[in-house]
Amino acid sequence: MTKDRTFVIVGASLAGAKAAETLREEGFDGRIVLIGAEPVRPYERPPLSKEYLRGEAGRDKVYVHEEGWYGDHEVDLRLGRSVVTFDPDVREVELDDGERMAYDRLLLTTGARPNSIPVSGSDLDGVLALRSVQDSDALRERLGSASSLVVVGSGWIGAEVAASARELGVDVTMVGHEAVPLEHVLGSRVGAIYRDLHAEHGVQLRMGTGVEAFEGIGHVERVRTSDGSELACDLVVVGVGVHPRTELAARAGLAVKNGVLVDARLQTSAPGVFAAGDVAHAHHPFYGQRVRVEHWSNALHQGPAAARSMLGGQEPYDRIPYFFSDQYDVGMEYSGNVTDWDEVVFRGNRDGGEFVAFWLQDGRVVAGMNVNVWDVNEHVQDLIRSRARVDTSELADPDTSLESMAGAPSTDN
Ligand SMILES: Cc1cc2nc3c(=O)[nH]c(=O)nc-3n(C[C@H](O)[C@H](O)[C@H](O)COP(=O)(O)OP(=O)(O)OC[C@H]3O[C@@H](n4cnc5c(N)ncnc54)[C@H](O)[C@@H]3O)c2cc1C
């Protein structure tokens, strides 16, 4: 019955590839076309700043599927091809080689691209960004001969690149606007733990300052900062966030604001068109507002959720946002989505580097992060979802089970 239908996915990314997989798993036997601008079959990006960057894992470890999977599952994978426009009224996409293709359902998984900083010298050789596997290859090669790297940005990408570069023996200076690394997500107390971690591993931290210019003749030789310093270097990585790739959706007249606007089923403002992953600004039933998540787990799960909606499923996507990071020998998982909180409570050995941090608002846990402590994140998520008011001394006490706290009824409404 679905054989004569065509579902087109724009963005051969993690979200896009997982959507294709789910369509087949759910029994869709029509045509699936997965179109990707990159010349590489779908891959996962987290290793690109970690083990892949350090040369500890090869390409085979990053792909979402084996090479033969697409053919075996009759997924028409078009690599090195971009969709330049689509018309939601006539349901047709146009590729950069002029091919037009009719669709019954369209999924946008166009992801995000790195921000650049508008200062002079940004185009000098040796000033790099990190998003694609080719970027990671290029950076690894440069790190092999670099003696000093300046990482601009103290968010996740900057922190992970700094850690990998130190592990490869390169001198690293981190420049960031924040007072401590990761402050915008974790706050100053938990961010300070990452500051100390990087300092212990020899990273020079230049916090609370920005970049005025990259300087050098042809190749970057130094970074001039807004506090008047000049940092000599032969390599720069700029990791100052990303922005969603919404141009295609905007050109087609879809509602776009900090991403492609989608409802809880991941449907856009155009009938038959869906969006998932970094590009989707989705209504989140648990939070009662739109949320756009730039993390691996969101792409992994939203792709399949969008696929089910494309097949007529009515289930809302309401997973609690989750991400992970590995720096040196410190692994962490974080669940939640907050920018405001009243207090942070620690459970476990903070100085020994094995603890869980909880962010609370009005006595309720709104986010939690386990650091070198495993098998608790599910309970952290239950606690967030329960909206239970918690006793902070119990929360700090490793002998009180998080499951029991999530089960405790909320004392007010
Ligand atoms: C170096 C690095 C490390 C990371 N580490 C972590 C981590 O440790 N933990 C974590 O939770 N998250 C991490 N992330 C974030 C995570 O990788 C992203 O959230 C995830 O890749 C988003 O996937 P996506 O499928 O939404 O889109 P993307 O991965 O951005 O892919 C979108 C694809 O669509 C293609 N495309 C765009 N427009 C078009 C078009 N018009 N036509 C055809 N193709 C198009 C793009 O070329 C791209 O290939 C990391 C990201 C990077 C870059």
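These numbers come from a predicted model, not from an experiment. (Residues numbered from 1 in each chain as written. Predicted model: local features only at pLDDT ≥ 70, side-chain atom pairs only at ≥ 80, totals over all residues. Heavy atoms only, no water.)

(A) Seen up close, the pattern of salt bridges. Here the structure, examined in full by the defined rule, presents 26 salt bridges. With a shortest N-O distance of 2.9 Å, R45 and E38 are connected by a salt bridge. With relative accessibility at 26%, the residue R45 sits in the partly exposed group. Residue class for E38 comes out partly exposed when judged on its relative accessible area of 24%. (Salt bridge = Lys/Arg side-chain N within 4 Å of Asp/Glu carboxyl O. Buried < 20%, exposed > 50% of the residue type's maximum accessible area, 1.4 Å probe, protein only.)

(B) Just the nonpolar core, in detail. Residues V8, F86, V93, L106, L108 and L254 are the most contacted members of the largest nonpolar core, which totals 51 residues. Beyond its immediate sequence surroundings of up to four residues, F86 is in contact with E92, V93, Y103, L106, L108, L248, A249, A252, L254 and V273. Counting 47 residues, the second largest nonpolar core, distinct from the first, contains L139, V190, F346 and F355. (Core = buried A, V, L, I, M, F, W, Y, C linked by side-chain atoms within 4.5 Å. Contact = heavy atoms within 4.5 Å.)

(C) Region of interest: the confidence of the model for the chain. Of all residues in the chain, 98% attain a pLDDT of 70 or more, and the chain-wide mean is 96. In the predicted structure, residues 409-413 sits below a pLDDT of 50 and forms seven contacts with residues beyond four places in sequence or in another chain. (pLDDT = per-residue confidence, 0-100.)

(D) Broad picture of the site of the ligand. Residues in contact with the ligand amount to 35 residues; listed here are only the nearest, S13, E38, R45, K50 and R131. Within the contact set of the ligand, an oxygen atom lies 2.7 Å away from a side-chain nitrogen or oxygen of R131. For the ligand, the accessible surface in isolation is 1000 Å², of which the surrounding protein chains cover 94%. Considered class by class, the residues forming the shell around the ligand number 16 nonpolar, 10 polar and nine charged. (Near = heavy atom within 4 Å. Polar contact = N/O pair within 3.5 Å; in protein donor to acceptor, adjacent residues only side chain to side chain. Areas by Shrake-Rupley, 256 points an atom, 1.4 Å probe, with all protein chains shown as cover. Nonpolar A, V, L, I, M, F, W, Y, C, P; charged D, E, K, R; others polar.)

(E) View of the sheet that holds strand 25 (residues 354-361). Taking strand neighbours across the sheet as the criterion, the five strands line up as 22-23-26-25-24 in an open arrangement whose pairing is antiparallel. With one partner strand each, in any of the chains shown, strand 22 (322-327) and strand 24 (343-349) form the two edges of the open sheet. Ignoring strand direction, the axes of neighbouring strands in this sheet form an average angle of 20 degrees. Taken together, the seven bridges between strand 25 and strand 26 (residues 364-371) define a ladder with antiparallel strand orientation. By the bridge assignment for strand 26, W359 is matched with A367. Lying over the sheet, helix 4 (residues 156-167) contacts strand 22 and strand 23 (330-336), oriented at roughly 25 degrees with respect to strand 22. Along the sheet, helix 8 (residues 377-386) contacts strand 22, strand 23, strand 25 and strand 26; its crossing angle with strand 26, the most-contacted strand, is approximately 170 degrees. (Pairing = 2+ DSSP bridges. Helix = DSSP H or I, 4+ residues; strand = E, 2+ residues; numbered from the N terminus. Axes fitted to C-alpha atoms, helices over the stretch in contact; angles between N-to-C directions.)

(F) Highlighting the layout of surface pockets. Considered as a void within the structure, the second largest pocket measures approximately 300 Å³ in volume. In this structure, the second largest pocket is lined by 15 residues; those nearest its centre are I193, E200, R350, D351 and G353. For the lining of the second largest pocket, the element with the highest residue contribution is helix 5 (residues 183-200), accounting for seven residues. Tallied by class, residues from the lining of the second largest pocket come to seven nonpolar, two polar and six charged. (1 Å grid on protein atoms, 1.4 Å probe; cavity = no way out; pocket = protein on both sides within 12 Å on 5 of 7 lines; lining within 4 Å. Points joined across faces, edges and corners; volume = space filled by probe spheres on them.)

(G) Region of interest: helix 5. In this model, helix 5 (18 residues) spans only 18 Å end to end at C-alpha, well below the 26 Å of a helix rising 1.5 Å per residue. Roughly 90 degrees is the biggest bend found in helix 5, and it falls at R189. Within the sequence span of helix 5, burial applies to V185, L186, G187, V190, G191, A192, Y194, L197 and H198. The positive-phi residue at the C-terminal boundary of helix 5 is G202, with phi of around 90 degrees. (Expected span 1.5 Å × (residues − 1). Bend = angle between axes of the 7 residues up to and from the residue.)

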